[in-house]
Amino acid sequence: MSFWTLVLVALGVSADAFAVALGKGLHMKTFNLRHAVVIAVAFGLAQAVMPVLGWALGTRFADSIVSVDHWVAFGLLAVIGAKMIWEAVRPGEDDAVDTDSLDLRELGLLAVATSIDALAVGISLAFLDVPILGAAALIGVTTAALAFVGVVVGRRVGARVGRPAEIFGGLVLIGIGTSIVLEHTGVL
């Protein structure tokens, strides 16, 4: 997997964190730099740890499914991408109240919840023989940067950007999964 493909994966799995950070920024009464940094670090750290955990699981079972690993990678990425798109297009209510406080427990749960897709990506990366620490660092840094931007943009622009970002992230993950299958089957 090339560096630029990993960048696209990082952007794809960061979309959920970006959308949640956007919501957090949207509900800030005033911009708080410290809160924006804490949100960015929480999401970035969770997104960096989860692929390593997924990779550890994937390497344990890699020998058993090496003949279908590209289909497993495609399936995981396609399901994650489709789930992101589904969650972005289904109607939902925004009933959060604007506040200047930051609930660290809620933030931790959100960081873990938005990084579950990174766990599945880590499993896929195990089958593709990708150096996991570099990939995890790239995913974590990308997520932290996008989460910070999400808070800033959310405070300024609002909810108009969140759904399109999640749809784009989902499409990117599905595209990468398709590319993996096409490369492994000799089409590309």
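Parameters and conventions
- Residues numbered from 1 in each chain as written.
- Predicted model: local features only at pLDDT ≥ 70, side-chain atom pairs only at ≥ 80, totals over all residues.
- Heavy atoms only, no water.
- UniProt positions renumbered as here; feature names shortened; annotations may be inferred.
- Helix = DSSP H or I, 4+ residues; strand = E, 2+ residues; numbered from the N terminus.
- Phe/Tyr/Trp six-rings, centres within 6.5 Å; stacked < 30°, edge-to-face > 60°.
- Buried < 20%, exposed > 50% of the residue type's maximum accessible area, 1.4 Å probe, protein only.
- Axes fitted to C-alpha atoms, helices over the stretch in contact; angles between N-to-C directions.
- Parallel < 35°, antiparallel > 145°, perpendicular 65-115°, else oblique.
- Left-handed = near helix turned anticlockwise from the far one by under 90°.
- Contact = heavy atoms within 4.5 Å.
- Expected span 1.5 Å × (residues − 1).
- Nonpolar A, V, L, I, M, F, W, Y, C, P; charged D, E, K, R; others polar.
- Patch = residues over 30% accessible without salt bridge, like charges linked within 9 Å, V, L, I, M, F, W, Y side chains within 5 Å.
- Areas by Shrake-Rupley, 256 points an atom, 1.4 Å probe, with all protein chains shown as cover.
- Salt bridge = Lys/Arg side-chain N within 4 Å of Asp/Glu carboxyl O.
- Bend = angle between axes of the 7 residues up to and from the residue.

### Side note on the UniProt feature "transmembrane region" (unreviewed entry) in the chain
So, step 1. Under the local residue numbering, the UniProt record ascribes the feature "transmembrane region" (unreviewed entry) to residues 6-23, 35-58, 70-86, 107-127, 133-153 and 165-182.
So, step 2. Span residues 35-58 is 100% helix and 0% strand, its end C-alpha atoms 35 Å apart.
So, step 3. Along residues 133-153, the helical share is 100% and the strand share 0%, with 30 Å between the first and last C-alpha atoms.

### Some points on the packing of aromatic side chains
So, step 1. Summed over all chains, the structure comprises two aromatic pairs.
So, step 2. Residues F3 and W4 carry aromatic rings whose centres are separated by 5.0 Å and whose planes lie at 75° to one another, so their mutual orientation is edge-to-face. Accessibility classification places F3 together with W4 in one group, the exposed group.
So, step 3. Plain terms: the ring middles of W71 and F74 are 6.3 Å apart, the flat faces sit at 90° to each other, and that makes the pair edge-to-face. Of the two residues, W71 and F74 both sit in helix α3 (residues 69-89), three residues apart, roughly one turn of that helix.

### Observations concerning the environment of V153
So, step 1. Along the chain, V153 falls in helix α6 (residues 132-156).
So, step 2. Remark: the alpha-carbon pair of V153 and L26, spanning 127 residues in sequence, is separated by 8.0 Å.

### A closer look at the packing of helix α1 (residues 3-26) against helix α2 (residues 33-61)
So, step 1. Where α1 meets α2, the axes come as close as 11 Å, and the angle between the chain directions of the two elements is 160°. It follows that α1 is roughly antiparallel to α2 by the angle criterion. Pair α1 / α2 crosses with right-handed handedness. In contact with V13, S14, A17, V20, A21 and K24 of α1, α2 contributes I39, F43 and Q47.

### Digging into the side chain of S115
So, step 1. Along the chain, the position of S115 falls in the loop between α4 (104-114) and α5 (116-127).
So, step 2. Setting aside its immediate chain neighbours within four residues, S115 contacts A46, Q47 and M50.

### Focus: α6
So, step 1. Given a rise of 1.5 Å per residue, 25 residues ought to cover 36 Å, and the 35 Å separating the end C-alpha atoms of α6 matches this to within 8%.
So, step 2. When α6 is considered as a whole, its buried residues turn out to be I132, A135, A136, I139, G140, T142, T143, A147, G150, V151 and G154.
So, step 3. Structurally, α6 contributes buried residues whose contacts are with α1, α2 and α5.

### Digging into the packing of α1 against α5
So, step 1. Orientation of α1 relative to α5, taken along the N-to-C sense of each, is 155°, at an axis distance of 9 Å. Here α1 lies roughly antiparallel to α5, going by the angle between them. Along the contact surface, α1 presents L6, V9, V13 and D16, while α5 presents D117, A118, V121 and L125.
So, step 2. Along the lines of polarity and charge, the residues of the contact of α1 with α5 split into six nonpolar, no polar and two charged.

### Regarding a nonpolar patch on the surface
So, step 1. Together, F31, L33, V37, V41, L45, V49 and L53 give the surface a local cluster of nonpolar side chains, amounting to about 620 Å² of exposed area.
So, step 2. Along the chain, V49 falls in helix α2.

### A word on α1
So, step 1. Compared with an ideal rise of 1.5 Å per residue, which puts 24 residues at 34 Å, α1 spans 33 Å between its outermost C-alpha atoms and is within 8% of the ideal.
So, step 2. In the structure, α1 departs most strongly from a straight axis at A15, where the bend amounts to approximately 40°.

### Some thoughts on the side chain of S124
So, step 1. With respect to the helices and strands, the residue S124 is situated in helix α5.
So, step 2. A relative accessible area of 2% places S124 in the buried class.
So, step 3. Not counting the four nearest positions on each side in its chain, S124 is found in contact with A73, L76 and L77.

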